[in-house]
Amino acid sequence: MSFSVEERGRENTADYRLYFKNEEEKYISPFHDIPIYADEAENIFHAVVEVPRWTNAKMEIATKDPLNPLKQDVKKGNLRYVSNVFPHKGYIWNYGAIPQTWEDPGHRDGDTGCCGDNDPIDICDIGNKVCSRGEIIRVKVLGTLALIDEGETDWKVMVINVEDPEAEDYNDIEDVRRLKPGYLEATLDWFRMYKVPDGKPENQFAFEGEFKNRDFAIKTVKDTHSFWKALISKKTDAGELNCMNTCVSDSPYCRSAAEAEAVVDSAHPYGDAEPIPSSADKWFYYKQT
């Protein structure tokens, strides 16, 4: 199963979009049409890379737009670039999401006591390769961190690309602690501090910041897949989410290839990128509490 991307608009502007196609060259939604499983029997999942490692532009699946292309997040009218909180430069993993999952804002998690954040579940790929924006990778789940973001549960699932030459050495969260010493601590620190330069308080975590193991994480991913199934079959109120898809044939939101093409055709034409603002390179320094 292969996928490709098509750029529209100009990179580093608010009109930039990255649309997805399947191997039949049909436009698809990365939220709804890419299967969650690459190999269900082995618990190998697909993941959509939104932000390559070491980059700052906060790209995300546009959950409220038709076909859910990748676009850059905007806050207070400005494109969002994640700050560099010393010693970290941009994102310290390939960051993205598992398709066909949804953290239901109407479901209060029994462990965290908070409701979902209304997005697909996030992943942090710890593999060696710096992926491309929009790349679809096959991953093993290793564990998860439960970030509490402004009162919402926001799971961060630690994964490794199965094509990584070291992937066979990683099967649970303790393998990360043993083989990449300091990486989990850096991950906790990154998520705690990344909004502080924007004037927000440090983020909080469930389980006192403990990383939960592989089995816990896989169950969490599968739970969010069941929430997505209710969403795409219209058994749950979608609210502002756009559930347009072209491959989930039994979904009331399924649309024709022609309708999908019309969505992409209506986007801005692809053009030269704008420069990344120099402010995205600034370092921020904080005394650890």
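All chains use their own residue numbering, which begins from 1 and follows the written sequence. With pLDDT at 70 or above as the cut-off, local features in this predicted model cover only qualifying residues; side-chain atom pairs require 80 or more to be listed or tallied, and sums for whole chains, interfaces and linings still use all residues. Side-chain metrics rest on all non-hydrogen atoms present in the structure, leaving aside hydrogens and water.

Caption draft 1: Up close: the overall build of the protein chain. A helix here means a DSSP run of H or I that spans at least four residues, while a strand means a run of E at least two residues long, and both kinds are numbered starting from the N terminus. Scanning the protein chain from terminus to terminus reveals four helices and 17 strands. Each radius of gyration reported is based on C-alpha atoms, and the globular scaling rule is 2.2 Å times the count of residues to the power 0.38. Against the globule reference of 19 Å for 289 residues, the protein chain gives a C-alpha radius of gyration of 18 Å, in line with a compact fold. Viewed in the frame of its principal axes, the protein chain has a C-alpha envelope of about 55 × 45 × 40 Å. When contacts within the protein chain are restricted to residue pairs at least 6 apart in sequence, those whose partners lie at least 24 apart make up 67%. Computed over 35 positive and 53 negative side-chain charges, the inter-centroid distance for the protein chain is 3 Å. Note on contacts: a residue pair qualifies if any of its non-hydrogen atoms lie within 4.5 Å across the two residues. Positive residues here are Lys and Arg, negative ones are Asp and Glu, while His and the chain termini are left out of the count. Where a charge sits is defined by one atom per residue type, namely NZ (Lys), CZ (Arg), CG (Asp) or CD (Glu).

Caption draft 2: Geometry of the pattern of salt bridges. Salt-bridge detection follows one rule: a side-chain nitrogen of Lys or Arg within 4 Å of a carboxyl oxygen of Asp or Glu. All told, the structure shown has 23 salt bridges when counted by the stated rule. Close ionic contact of Asp175 with Arg178 constitutes a salt bridge, the shortest N to O distance being 3.0 Å. Pair noted here: Asp175 and Arg178 are both in helix α1 (residues 173-179), with a separation of three residues, about one helical turn. Looking at Arg178, the relative accessible area reads 55%, which means it is exposed. Remark: exposure states derive from per-residue accessible area (1.4 Å probe, protein chains only) relative to the maximum for the residue type, with buried under 20%, exposed over 50%, and partly exposed in between.

Caption draft 3: Here's a closer look at helix α3 (residues 214-232). In this model, α3 (19 residues) spans 27 Å end to end at C-alpha, consistent with the 27 Å of a helix rising 1.5 Å per residue. Where α3 is buried, its residues touch β5 (44-51), β14 (136-149) and β15 (152-161). Any N or O atom pair separated by 3.5 Å or less is treated as a polar contact, with the protein-specific requirement of one donor-capable and one acceptor-capable atom, and with residues adjacent in sequence counted only for side-chain atom pairs. One side-chain oxygen at the N-terminal end of α3 lies 3.3 Å from the backbone nitrogen of Asp215; it belongs to Asn213. Positioned one or two residues after α3, Lys234 has a phi angle of 65°, which is positive. A helix is expected to span 1.5 Å multiplied by its residue count minus one.

Caption draft 4: Broad picture of unusual backbone geometry. In this structure, Pro87 follows Phe86 across a cis peptide bond, with omega equal to 10°. With respect to the helices, strands and loops of the structure, Pro87 is situated in the loop between β10 (84-85) and β11 (94-97). At Asn12, a position not held by glycine, the phi torsion is positive, near 70°. Phi angles above zero are rare outside glycine, and Gln100 is one such case at about 55°. Mapped onto the fold, Gln100 is located in the loop between β11 and β12 (115-116). Judged by its relative accessible area of 11%, Gln100 falls in the buried class.

Caption draft 5: View of helix α2 (residues 183-193). Most of α2 is tucked away: nine of the eleven residues are buried. All buried positions along α2 are accounted for by Tyr183, Leu184, Ala186, Thr187, Leu188, Asp189, Trp190, Phe191 and Met193.

Caption draft 6: Quick look at the environment of Trp102. Relative to the helices and strands, Trp102 resides in the loop between β11 and β12. As for Trp102 and Lys235, which are separated by 133 residues in sequence, their C-alpha atoms are 13 Å apart. When neighbours within four sequence positions are excluded, Trp102 is seen to be in contact with Phe31, Asn118, Asp119, Pro120, Thr224, Phe227, Trp228, Leu231, Thr236, Asp237 and Leu241.

Caption draft 7: Up close: the nonpolar core. We define a nonpolar core as any set of buried Ala, Val, Leu, Ile, Met, Phe, Trp, Tyr and Cys residues linked to one another through side-chain atoms lying within 4.5 Å. Counting residues in each nonpolar core, the largest one holds 50 residues, and the members touching the most others are Trp93, Ile126, Met158, Trp190, Phe191 and Leu231. The greatest single-element share of this core, amounting to six residues, is contributed by α2. Dropping the residues within four chain positions of it, Leu231 is found in contact with Phe31, His32, Trp102, Thr236, Asp237, Ala238, Leu241, Cys243 and Tyr253. Formed by 22 residues, the second largest nonpolar core is a distinct cluster that contains Ile36, Ile121, Trp155 and Ile218.

Caption draft 8: The side chain of Thr13, seen in detail. Relative to the assigned elements, Thr13 resides in the loop between β1 (3-8) and β2 (17-22). Take Thr13: its relative accessible area is 11%, and that puts it in the buried class. A polar contact of 2.6 Å, which involves the side chain of Thr13, links it to the side chain of Asp15. When residues no more than four places from it in sequence are discounted, the contact partners of Thr13 are Leu79 and Glu274.

Caption draft 9: Structural context of the confidence of the model for the protein chain. By definition, pLDDT measures how confident the predictor is in each residue, and it falls between 0 and 100. In the predicted model, the protein chain carries a mean pLDDT of 97, and the fraction of residues at 70 or more is 100%. Averaged pLDDT values for the elements of the protein chain fall to 94 in strand β8 (residues 74-75) and rise to 99 in strand β13 (residues 122-125).

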